[in-house]
Amino acid sequence: WRGREGAPYSTLVPSDEVTINYRHGLPVITLMLPTRGERCQFTVKPVVTTVGAFLQDVQQEDKGIQRAEVFATDGSKVSDATLMEVLLMNDFKLVINNTAYSVSAPVKDKLSSEHATEMEDIKSLVHRLFVALHLEEHQIRKERELLQKLDHLKGELLPLEQMKARIVDSADAKTSRLLWVGLALMSTQGGALAWLTWWVYSWDIMEPVTYFITYGSAMAFYAYFVLTKQDYIYPLAKDRQFLHYFYRKSKKQHFNVERYNKLKDDLAEAEESLRRLRQPLHLRLPIQEISDKD
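Keep in mind that what you see is a predicted model, and the values were worked out from it rather than measured.

Thresholds applied
- Residues numbered from 1 in each chain as written.
- Predicted model: local features only at pLDDT ≥ 70, side-chain atom pairs only at ≥ 80, totals over all residues.
- Heavy atoms only, no water.
- Helix = DSSP H or I, 4+ residues; strand = E, 2+ residues; numbered from the N terminus.
- Contact = heavy atoms within 4.5 Å.
- Areas by Shrake-Rupley, 256 points an atom, 1.4 Å probe, with all protein chains shown as cover.
- UniProt positions renumbered as here; feature names shortened; annotations may be inferred.
- Pairing = 2+ DSSP bridges.
- Core = buried A, V, L, I, M, F, W, Y, C linked by side-chain atoms within 4.5 Å.
- Buried < 20%, exposed > 50% of the residue type's maximum accessible area, 1.4 Å probe, protein only.
- Phe/Tyr/Trp six-rings, centres within 6.5 Å; stacked < 30°, edge-to-face > 60°.
- pLDDT = per-residue confidence, 0-100.
- Axes fitted to C-alpha atoms, helices over the stretch in contact; angles between N-to-C directions.
- Polar contact = N/O pair within 3.5 Å; in protein donor to acceptor, adjacent residues only side chain to side chain.
- Patch = residues over 30% accessible without salt bridge, like charges linked within 9 Å, V, L, I, M, F, W, Y side chains within 5 Å.
- Salt bridge = Lys/Arg side-chain N within 4 Å of Asp/Glu carboxyl O.

1. Some thoughts on the overall build of the chain
In step 1: For the chain, the count of helices and strands is 7 helices and 7 strands.
In step 2: Reading the chain from its N end, one meets helices and strands in the order β-β-β-β-α-β-α-β-β-α-α-α-α-α.
In step 3: Sequence-distant contacts, at least 24 apart, represent 58% of the contacts inside the chain between residues at least 6 apart.
In step 4: Total accessible area on the chain stands at roughly 20,500 Å², and carbon and sulfur atoms take up 57% of it.

What follows is the structure, given as structure tokens:
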């Protein structure tokens, strides 16, 4: 028998000379070492071990092996980079020196449901142990990063907070003055109407005047609704006037309201992250479980 590359092999040994059995979920390859004349077992990890690594282990075990290769049943050579998991899916030929061993693909026993459940429990236990060993270190590092971020944000917000406080005081004072001016004007109007009614003219003359004053006030309130899409309610009107003074003063003093709001949002987000991070430290629970409960 010849390989595809034309290399002759003097002997083609039956498959029982090389056996593959599964032990504890891993394939164990048993073969006869030509120089030492004894059978040797090689346990491989299919998902990480390559064909080249397996052949290298065989050659290291028997220094008299000069040539070790693997061929498919059609004679094509199997690359050394091929994983053993792929190789063990089909029959193949193992060539050691000038002897070719016909190897049958192993039949992996199906795990019982009880054993499969046990394996899943072991995986879950390993995951929990890893979390328990590394979670606290990760949380401490994350907490340190959040504290540094909080200090940085508070440092940027401090001058903005001071400027905002001055602007708020100024806007609030102007709004209060405007309210008092409105009260003074209404008092003056009431006094003037009373003086004209009882001392200058009679009620018959002043009645149409008060009617048109009332109608004009109603038109003014309706115009306020058309322009602002809000009813003329005194608290809302006061807040609207306060914001008008606030933004006008902010523009004059170059106070960046958008940047201030962004910093406040980032600060609130960092504080919330720190609170959620510290909570599992007291409860001794993984962060994932806390997130699920939230």
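On we go from here.
2. What to know about the UniProt feature "transmembrane region" (unreviewed entry) in the chain
In step 1: Here the UniProt-annotated "transmembrane region" (unreviewed entry) positions come out as residues 178-197 and 209-227.
In step 2: The span residues 178-197 carries 100% helix and 0% strand; its end-to-end C-alpha distance comes to 28 Å.
In step 3: End C-alpha to end C-alpha, residues 209-227 measures 27 Å, and it is 100% helix and 0% strand.

3. Comments concerning the pairing of strand 7 (residues 99-103)
In step 1: As paired strands, strand 6 (residues 92-96) and strand 7 are joined by 5 bridges and run antiparallel to one another. Among the inter-strand pairings, Val95 is bridged to a residue of strand 7, identified as Ala100.
In step 2: A loop of 2 residues connects strand 6 with strand 7, the two strands running antiparallel in sequence, and Asn97 in this loop sits at a positive phi of about 55 degrees.

4. Notes on the nonpolar core
In step 1: In terms of nonpolar packing, the biggest core is built from 24 residues, with Leu31, Phe54, Val70, Phe92 and Leu94 touching the most fellow members.
In step 2: If one sorts the elements of this core by residue count, helix 1 (residues 51-61) sits on top with 4 residues.
In step 3: Sequence-distant contacts of Leu31, defined by excluding residues within four places in its chain, comprise Glu17, Val18, Glu38, Arg39, Cys40, Phe42, Phe54, Leu94 and Ile96.
In step 4: Leu157, Phe242, Tyr260 and Leu277 belong to the second-largest nonpolar core, a separate cluster that totals 18 residues.

5. Section: the packing of aromatic side chains
In step 1: Counting across every chain of the model gives 6 aromatic pairs.
In step 2: Seen in terms of ring centroids, Tyr211 and Phe212 are 5.3 Å apart; in terms of plane orientation they differ by 75 degrees. Their pairing is edge-to-face.
In step 3: The class of Tyr211 is exposed, set by a relative accessible area of 52%.
In step 4: Feature note: the residues Phe242, Phe246, Tyr247, Phe255 and Tyr260 constitute an aromatic cluster, connected by ring pairs.

6. Here's the deal with the pairing of strand 2 (residues 19-23)
In step 1: Alignment of strand 2 against strand 3 (residues 26-33), held across 5 bridges, turns out to be antiparallel. Following the sheet pairing, Thr19 is matched in strand 3 by Thr30.
In step 2: Between the end of strand 2 and the start of strand 3, which pair antiparallel, lie 2 residues, with His24 showing a positive phi angle near 55 degrees.

7. Looking at the confidence of the model for the chain
In step 1: Residues at a pLDDT of 70 or more form 78% of the chain, whose mean pLDDT is 77.
In step 2: Scored below 50 in pLDDT, residues 1-8 makes 16 contacts in the model with residues more than four places away or belonging to other chains.
In step 3: Scored below 50 in pLDDT, residues 281-294 shows 19 contacts in the model against residues more than four places distant or in partner chains.

8. Looking at the sheet that holds strand 4 (residues 38-43)
In step 1: Pairing is antiparallel across the open sheet formed by 3 strands, whose spatial order is 2-3-4. Since the sheet does not close on itself, it has two edges, and those belong to strand 2 and strand 4, each with one partner. Direction aside, neighbouring strands of the sheet carry axes that sit 30 degrees apart on average.
In step 2: Two strands pair when backbone bridges link them, and strand 3 and strand 4 are joined in this way by 6 bridges, in the antiparallel orientation. For Thr30, the partnering residue across the bridge sits in strand 4 and is Gln41.
In step 3: Packed on one face of the sheet, helix 1 meets strand 3 and strand 4 and runs near 145 degrees to strand 4.

9. Focus: the side chain of Thr175
In step 1: Relative to the assigned elements, Thr175 resides in helix 3 (residues 113-200).
In step 2: Apart from the residues within four sequence positions on either side, Thr175 is in contact with Lys238, Gln241, Phe242 and Tyr245.

10. Some thoughts on the side chain of Asp62
In step 1: When you line up the elements, Asp62 lands in the loop between helix 1 and strand 5 (68-72).
In step 2: For Asp62, a relative accessible area of 2% puts it in the buried group.
In step 3: A distance of 3.0 Å separates a polar side-chain atom of Asp62 from the backbone nitrogen of Gly64.
In step 4: Leave out the neighbours within four places in its chain, and Asp62 touches Leu33, Pro34, Thr35 and Arg36.

11. Concerning a nonpolar patch on the surface
In step 1: Side chains of Trp195, Trp198, Trp199, Val200, Tyr201 and Ile205 sit close together on the surface and give an oily, nonpolar patch of about 780 Å² of accessible area.
In step 2: Tallying contributions element by element places helix 3 first for the nonpolar patch, with 4 residues.

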